[in-house]
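Understanding the architecture of this molecule
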Amino acid sequence: MRVVAVMNYKGGVGKTTVTANLGALAARRGQRVLLLDLDPQTNLTFSFFSIDGWHDQLKDKRTIRQWYDAEIPGQNTPLSELVVTPDRVNRAVGNNSGQLDLISSHLGLIDIDLELAARLGGATTLDGSKKKFLDLHDSLRQALTDPYFDRYDLVLIDCAPNFGLVTKTAIVASEFILVPAKADYLSTLGLEYLVGHCTELMEQFNDFVNHKRDGHHQPVRTDFLGVVFTMVQIYSQQVTLAQHHYIEEVRLNSVVPVLANKIRNSPRHFGDAGETGVPAMLRAGGRDDVLREFDGLTDEVLGALALSGSR
Ligand SMILES: Nc1ncnc2c1ncn2[C@@H]1O[C@H](COP(=O)(O)OP(=O)(O)O)[C@@H](O)[C@H]1O
Ligand SMILES: [Mg+2]
């Protein structure tokens, strides 16, 4: 099982769209995929469930909010009990061994995130606070070691555009971070901060692991898979000059690699915000430029993770 966090400090850069469509295409290629919605905005969840469906089936008993809402996340509810298999998308995935499952989010996750941060400060001794830090930050990674999750090839985590505790649990749990970004000043500006904060988190975590050496926690080593540029403006088969400039800037100056595949701006494909319960790329026809780009991205990501499922 490979775990990838999809994140960027900025909202509206395509995190949820990339998570949903990459997950769906990987499933169509036979991968067993689990999507984990950690954004209180719940957009990923609503890409697969109607608001009424979520209200009736998930809201009170089957969202990630229940899981984080404990002294140490997961103490009350095993993560596996929150997994659902949305039907419309799985019918579109087709008849192969692939599957797309989801752990849904909840608007109230934002409050839990703040509570968790407060709890972190609650310990009275240095040793106690290190233990608490490790237990909280490592909680999602520990939960994913449940043999239940061995059934998945790929877990994609859609993160909120912040560096709260919930996001930090996702980073510790992930082998890789995939960063969707628009090719503009603000989207690329945050990239170095993201790298800096992740590095800091890993250093602190690993420092505490080394001090405690109680066998409960292993060092964390999360790597950047790369930046995937989304909503790229294409004219006459070319990226516009202004955007080309930003992409080159990142390619030359950032420690995070730029993925070869980019996703063009296409309101026609992505304008309907999930009403059908099936990501756009599973509805697209065979000769479609955007599908070709997303297929390329799926090849690139699955290849980097050494998962099979290329076309
Ligand atoms: N390649 C694209 N072309 C056009 N619109 C897009 C594209 N990717 C995403 N969008 C739209 O842009 C908005 C923000 O995308 P979203 O994936 O929700 O971003 P984030 O999760 O980073 O906030 C959504 O309305 C989405 O449908
Ligand atoms: Mg989102």
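Keep in mind that what you see is a predicted model, and the values were worked out from it rather than measured.

1. What about the site of ligand 1?
Residues in close proximity to ligand 1 total 14 residues, the closest being G12, T17, R264, S266 and F270. Here a nitrogen atom of ligand 1 and a side-chain polar atom of N265 are 3.4 Å apart. Surface burial for ligand 1 is 79%, taken as the share of its 550 Å² of free accessible area covered by protein chains. If you list the elements that add at least two residues to the shell around ligand 1, you get α1 (15-28) and α11 (267-270). The element contributing the most residues to the shell around ligand 1 is α1, with three residues. Classifying every residue of the shell around ligand 1 gives five nonpolar, seven polar and two charged.

2. A look at empty space enclosed by the protein
Counted under the stated rule, the structure contains one cavity of 30 Å³ or more. The calculated volume of the largest cavity comes to roughly 30 Å³. Those elements giving two or more residues to the lining of the largest cavity turn out to be α5 (109-120) and α8 (165-173). Looking at the lining of the largest cavity residue by residue, the class counts come to five nonpolar, two polar and one charged.

3. Quick notes on the packing of aromatic side chains
All chains considered together, the criterion is met by seven aromatic pairs. Look at F133 and F208: their rings are 4.9 Å apart centre to centre, the planes differ by 75 degrees, and that puts the pair in the edge-to-face class. With F133 in helix α6 (residues 126-137) and F208 in helix α9 (residues 185-212), this pair connects stretches of sequence that are 75 residues apart. Judged by relative accessible area, which is 12%, F208 ranks as buried. Taken together, a centroid distance of 6.3 Å and an interplanar angle of 35 degrees make the contact between F149 and Y152 tilted. With respect to class, F149 is no different from Y152; both count as buried. Every member of this aromatic cluster is reached through a ring pair, and the members are Y148, F149 and Y152.

4. Points about the state of the cysteines
Taken as a whole, this structure holds zero disulfides when the rule is applied. C198 supplies the cysteine sulfur nearest to C159, a cysteine that is in no disulfide, at a spacing of 9.2 Å. Given the relative accessible area of 1%, C159 is considered buried.

5. Thoughts on the pattern of salt bridges
Across all of its chains, the model carries 15 salt bridges by this definition. The partner of D138 in a salt bridge is R141, and the shortest N-O contact between them spans 2.7 Å. For the pair D138 and R141, one class covers both residues: buried. Where E248 meets R251, a salt bridge forms, and the shortest distance between an N and an O atom there is 2.9 Å. Of the two residues, E248 and R251 both sit in helix α10 (residues 241-253), three residues apart, roughly one turn of that helix. Judged by relative accessible area, R251 falls into the partly exposed class, the value being 41%. Here the salt bridges share partners, and the residues they tie into one network are R264, D289, R292 and E293.

6. As for the UniProt feature "domain: AAA" (unreviewed entry) in the protein chain
The sites that UniProt annotates as "domain: AAA" (unreviewed entry) are residues 1-208. With 46% helix and 14% strand, residues 1-208 has end C-alpha atoms that lie 26 Å from one another.

So, how was this worked out
Residues numbered from 1 in each chain as written. Chains lettered and ligands numbered in written order. Predicted model: local features only at pLDDT ≥ 70, side-chain atom pairs only at ≥ 80, totals over all residues. Heavy atoms only, no water. Near = heavy atom within 4 Å. Polar contact = N/O pair within 3.5 Å; in protein donor to acceptor, adjacent residues only side chain to side chain. Areas by Shrake-Rupley, 256 points an atom, 1.4 Å probe, with all protein chains shown as cover. Helix = DSSP H or I, 4+ residues; strand = E, 2+ residues; numbered from the N terminus. Nonpolar A, V, L, I, M, F, W, Y, C, P; charged D, E, K, R; others polar. 1 Å grid on protein atoms, 1.4 Å probe; cavity = no way out; pocket = protein on both sides within 12 Å on 5 of 7 lines; lining within 4 Å. Points joined across faces, edges and corners; volume = space filled by probe spheres on them. Phe/Tyr/Trp six-rings, centres within 6.5 Å; stacked < 30°, edge-to-face > 60°. Buried < 20%, exposed > 50% of the residue type's maximum accessible area, 1.4 Å probe, protein only. Disulfide = S-S within 2.5 Å. Salt bridge = Lys/Arg side-chain N within 4 Å of Asp/Glu carboxyl O. UniProt positions renumbered as here; feature names shortened; annotations may be inferred.

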